[in-house]
Amino acid sequence: MRYFHYWLLILLSFGCFSASQAHEMKPGVVQLTIQEDNTFILTLKVNVEALMADINAKHTDTDNSPRSAIYNKLRKSSADTIQQKFNKFSTIYQKTLNLKADNKKLSLNFDNIQVSPIDDVRLSRNSIITYSGKLAQDTKHITWQYPEKYGDNVFKLNQNGKSIASLWLTNGEQTDMIILQEQYTTNNLLNYLWLGFLHILPRGLDHILFILGLFLFSTQLKPLLYQISAFTLAHTITLGLSIYGIIALPSLWIEPLIALSIVYIALENILIRNISNWRLLVVFCFGLLHGLGFASVLGDIGLEKSQFLSSLLSFNIGVELGQLVVILLAYTLIGYWFKDKPWYHSRLVTPASIIIASIGLYWFYERIIIAI
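Here we summarise the structure given alongside this text. (Residues numbered from 1 in each chain as written. Predicted model: local features only at pLDDT ≥ 70, side-chain atom pairs only at ≥ 80, totals over all residues. Heavy atoms only, no water.)

A word on the sheet that holds strand S5 (residues 109–115)
Where we set the bar: Strand pairing is defined by DSSP finding a minimum of two bridges between the two strands. Only DSSP runs of H or I covering at least 4 residues are called helices, and only runs of E covering at least 2 are called strands; the numbering of each starts at the N terminus. Where helices are involved, their axes are fitted lines through C-alpha atoms of the stretch in contact, as for all axes, and angles between N-to-C directions lie from 0 to 180°. Only heavy atoms matter for contacts: two residues are in contact if any of them lie within 4.5 Å across the pair.
Taking strand neighbours across the sheet as the criterion, the six strands line up as S5-S6-S2-S1-S8-S9 in an open arrangement whose pairing is mixed. The sheet is open, and its two borders are formed by S5 and strand S9 (162–169), each paired with just one other strand. Strand-to-strand twist in this sheet, taken as the mean axis angle between neighbours without regard to direction, amounts to 15°. Those strands touched by helix H4 (residues 79–96) are strand S2 (39–46), S5 and strand S6 (127–134), and its axis lies near 145° from that of S5.

Quick look at the pattern of salt bridges
A side chain with one charge can pair with a side chain of the opposite charge if their charged atoms come near. Our working rule: A pair is scored as a salt bridge if a Lys or Arg side-chain nitrogen falls within 4 Å of a carboxyl oxygen belonging to Asp or Glu.
Counted under the stated rule, the structure contains six salt bridges. Arg367 is paired through a salt bridge with Asp206; the nearest N and O atoms lie 3.6 Å apart. Of the two residues, Arg367 is situated in helix H11 (residues 344–371) and Asp206 in helix H6 (residues 205–217); the sequence distance between them amounts to 161 residues. The salt bridge partner of Glu255 is Arg367, with a shortest N-O separation of 3.5 Å. Residue Glu255 is located in helix H8 (residues 251–271), and its partner Arg367 is located in helix H11; the two are separated by 112 residues in the primary sequence.

Let's talk about unusual backbone geometry
What counts, and what does not: For each residue, the accessible area found with a 1.4 Å probe, counting protein chains only, is set against the maximum for its type, and the residue is called buried under 20%, exposed over 50%, and partly exposed in between.
Along the chain, Leu201 connects to Pro202 via a cis peptide bond; the corresponding omega equals 10°. Considering the arrangement of structural elements, one finds Pro202 in the loop between helix H5 (185–200) and H6. One non-glycine residue, Asp54, adopts positive backbone phi at about 60°. Inspection of the secondary structure assignment puts Asp54 in the loop between helix H2 (48–52) and helix H3 (68–75). Looking at Asp54, the relative accessible area reads 43%, which means it is partly exposed. In this structure, Asp102 takes a positive phi of about 50° despite not being glycine. Mapping Asp102 onto the fold places it in the loop between strand S3 (98–101) and strand S4 (104–105).

Structure representation (structure tokens):
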């Protein structure tokens, strides 16, 4: 039992190694726009190669699917080839889309698909599929459901130029009845809060490791509070500036640097025992970097202009709640039992930090390879 925690941490590290891949299964973005004449346009921004390869949403990365070879072949295909293949697949796909008006499934007309050029085949690409149709004049409410096997989706409803709803849906979840011309502000804010929380738990393994690195440095409340406060302030600043378009950096630069931030914090845990102003400055700078990483998530799904600031704040609160849960779990499992042991640093902090640094280096290497 003496070395049980060593083996546990090593096993956990192998699970984390495979978590950062080039072909991550991202949520689809579904936009329903209703015009004044009751015609509507339904657009879906999705990874169409994953759809046609029939890669189930249980695989968070296409490389983990037994059908990854099919996907990779499609990913190397030209935009024209994908368009031709989807024209044959569109009828099958269309039948799985469940858009209802007053509890009756709507008829959808396939308009077109826009596929990006091949560019870097090591990265997933999104295509935009467009359907259209018309609502009855007296339509009261709308419901939407995306097939569970295709993964999460963000559903947005706009009517006559107004944002009615923006909802994050998981596991084939169907929306509640969305009454037309009524804005669901509270629902939208709760969804962005949940999205922020999900970006930490369970999807933000790199952010989780960074927070664990801060926790391991000291389980005492005061030093931990200083570090978390510096990190929170910093990523709040860059998240806001990035979403407002004031600053912008390519994700291919941001992701390797986030991996390096994990390595640095882990190495400092091994070499330094007491918190200093330098440590706080470093954590603050890394927080600025992680804020740009958070912004990339909101950039993928977009924010409604009418609720821009409130949605941004809700997302950030969700991120903070996720961080607090990570710290609470770490304290419950480790800090409470071992923080006062004389061997806490040598037997727990040092090996755990070595593993965290190793994972960070692996991610840095992987992300640099993607960026080259």
